[in-house]
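Overview (structure and organization)
Listed below are the residues making up each chain.
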Amino acid sequence: MICARCQHFAAAPGGTLCTRCAAAPAQDAAPAQDAAPAEGAGAYPGGAPYPGGPGTAGAFGAPGAVGAPGAFHAPVAPGAWLRPPGVLGRAAAVVLGLVAATDLFAVWVDLTMYDVADDLASGTYGAGLSGRADHADRLNAAAGVVQTVALLVSVIVFLCWFHRVRVNAEVFNPFGHSKKRGWAIGAWFTPVVNLWFPRRITLDIWDASAPADRPRSHRLVNAWWAVWIVSLLADRAAFTAYRRADTGRELRDAAQQMVFADAVEIVAAVLAVLVVLRLTRMQDEKALRGPVPAAA
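Notes on the structure in this doc start here.

The rules we used
Residues numbered from 1 in each chain as written. Predicted model: local features only at pLDDT ≥ 70, side-chain atom pairs only at ≥ 80, totals over all residues. Heavy atoms only, no water. Helix = DSSP H or I, 4+ residues; strand = E, 2+ residues; numbered from the N terminus. Buried < 20%, exposed > 50% of the residue type's maximum accessible area, 1.4 Å probe, protein only. Contact = heavy atoms within 4.5 Å. Phe/Tyr/Trp six-rings, centres within 6.5 Å; stacked < 30°, edge-to-face > 60°. Lys NZ or Arg CZ within 6 Å of the ring centre and 35° of its normal. Salt bridge = Lys/Arg side-chain N within 4 Å of Asp/Glu carboxyl O. Core = buried A, V, L, I, M, F, W, Y, C linked by side-chain atoms within 4.5 Å. Axes fitted to C-alpha atoms, helices over the stretch in contact; angles between N-to-C directions. Parallel < 35°, antiparallel > 145°, perpendicular 65-115°, else oblique. Left-handed = near helix turned anticlockwise from the far one by under 90°. Nonpolar A, V, L, I, M, F, W, Y, C, P; charged D, E, K, R; others polar. Patch = residues over 30% accessible without salt bridge, like charges linked within 9 Å, V, L, I, M, F, W, Y side chains within 5 Å. Areas by Shrake-Rupley, 256 points an atom, 1.4 Å probe, with all protein chains shown as cover.

**Here we look at the overall build of the protein chain**
A count of helical and extended segments in the protein chain gives 7 helices and 2 strands. Taken across its 296 residues, the protein chain has 44% of its residues classed as buried. Taking the intrachain contacts of the protein chain between residues at least 6 apart in sequence as the baseline, contacts between residues at least 24 apart amount to 72%.

Next comes the structure, spelled out in structure tokens:
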């Protein structure tokens, strides 16, 4: 039997609440909440009335059904407001697609540089080699600029979306998060822990956003994170090899590593787009089901 309050954990034997909800009886009373957003802002307070309740509009402005399978209970987390993730989700998907496009351009530049370096390594000093080398250097510099700009824009938009879905997940399930809300931003910039904290936070959001009666597999998130880590390591190795290259052979080897690093980053960006779109859709669907009525 599922807990009647949080709809996420099994109820204790002989009762209707899980051990977590039963240990927090004071949370049945409405906690002090932050001031509600302005009317029409698209946000919903952490307490009743909830979108989808009797006589009200559904979550994110659509009709909801109280008590529908996989719905959520009124949250107990102070300051957690349910806000639509769709606009930020689509924006994040677009900028991540832009990152993939710039990486695709970078792959073409890397191959151009490889051709020039291969001629240098093999001693083929044909006519125009110097001009081709200068052209490859200019293309490489341009690729670095567009990749940096696309990355910075994607970081800003992605983190805005990530924080939004993290707060929404706390509305869906206040108890299912191993890291505090601030880590949704800070985890990406903290050395060492940024190798696994963001994945853990994403999985917590994923589980909280999934229907309680139909848990979703973590395979997509795990694939994205594994490829992302590989892309970070490959990019660092390629940058180091290119910076240390003094001969044509070393430059050719560095160009090979750059092709691999940029190709892996394309895959990571595509998987990130899939994660963003899937998680945004999961939250929309769960919000549209509406909150579960409180246990009597």
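Having seen the model, we can carry on.
**What to know about the packing of aromatic side chains**
Throughout the structure, instances matching the rule amount to 12 aromatic pairs. Aromatic side chains Phe158 and Trp224 sit 6.4 Å apart centroid to centroid with 55 degrees between the ring planes, which places their arrangement in the tilted category. Here Phe158, found in helix 3 (residues 129-172), pairs with Trp224, found in helix 6 (residues 219-244); they are 66 residues apart in sequence, far enough to count as distant. Judged by relative accessible area, Phe158 falls into the buried class, the value being 11%. Assessed through its relative accessible area of 5%, Trp224 is described here as buried. Here the aromatic residues Phe158, Trp161, Phe162, Trp188, Trp224 and Trp225 are joined through ring pairs into a cluster of three or more. One cation-aromatic arrangement involves Lys179 over Phe197; the distance from NZ or CZ to the ring centre is 4.5 Å.

**Focus on the pattern of salt bridges**
Within the structure shown, the criterion is met by 5 salt bridges. With its nearest N and O atoms 2.9 Å apart, the salt bridge here joins Arg132 to Asp119. Of this pair, Arg132 sits in helix 3 while Asp119 sits in helix 2 (residues 86-122), and the two are 13 residues apart along the sequence. Assessed through its relative accessible area of 36%, Arg132 is described here as partly exposed. We note a salt bridge from Asp204 to Arg200, for which the minimum N-O separation is 3.1 Å. Taken together, the residues span about one helical turn, with Asp204 and Arg200 both in helix 5 (residues 197-209) at a distance of 4 residues.

**What about the nonpolar core?**
Core analysis: the biggest nonpolar cluster contains 37 residues, and Phe158, Trp161, Phe162 and Trp224 have the highest contact counts within it. Among the elements of the structure, helix 2, helix 3, helix 5, helix 6 and helix 7 (248-289) are those that each provide at least two residues to this core. With 9 residues, helix 7 is the single largest residue contributor to this core. Setting aside residues up to four positions removed in sequence, Phe158 forms contacts with Ala92, Leu96, Trp188, Trp224 and Val276.

**Some points on the environment of Trp81**
By secondary structure assignment, the location of Trp81 is in the loop between strand 1 (72-73) and helix 2. With a relative accessible area of 7%, Trp81 lands in the buried category. Sequence separation of Trp81 and Arg164 is 83 residues, and the distance between their C-alpha atoms is 9.3 Å.

**Brief notes about the packing of helix 3 against helix 5**
Close contact between helix 3 and helix 5 brings their axes to 9 Å; oriented N to C, the two are set at 50 degrees. With respect to helix 5, the element helix 3 is oriented oblique. In the crossing of helix 3 with helix 5, the sense of the turn from one axis to the other is left-handed. Residue-level inspection shows Phe162, Val165, Arg166, Ala169 and Phe172 of helix 3 in contact with helix 5, the latter providing Pro198, Ile201, Thr202, Ile205, Ala208 and Ser209. Taken together, the residues of the contact of helix 3 with helix 5 sort by class into 8 nonpolar, 2 polar and 1 charged.

**Quick word on a nonpolar patch on the surface**
Nonpolar side chains collect at one region of the surface, where Val145, Val146, Val149 and Val153 lie side by side and expose about 300 Å² of accessible area between them. Mapped onto the fold, Val146 is located in helix 3. Look at Val146 and you get partly exposed, because its relative accessible area is 36%.

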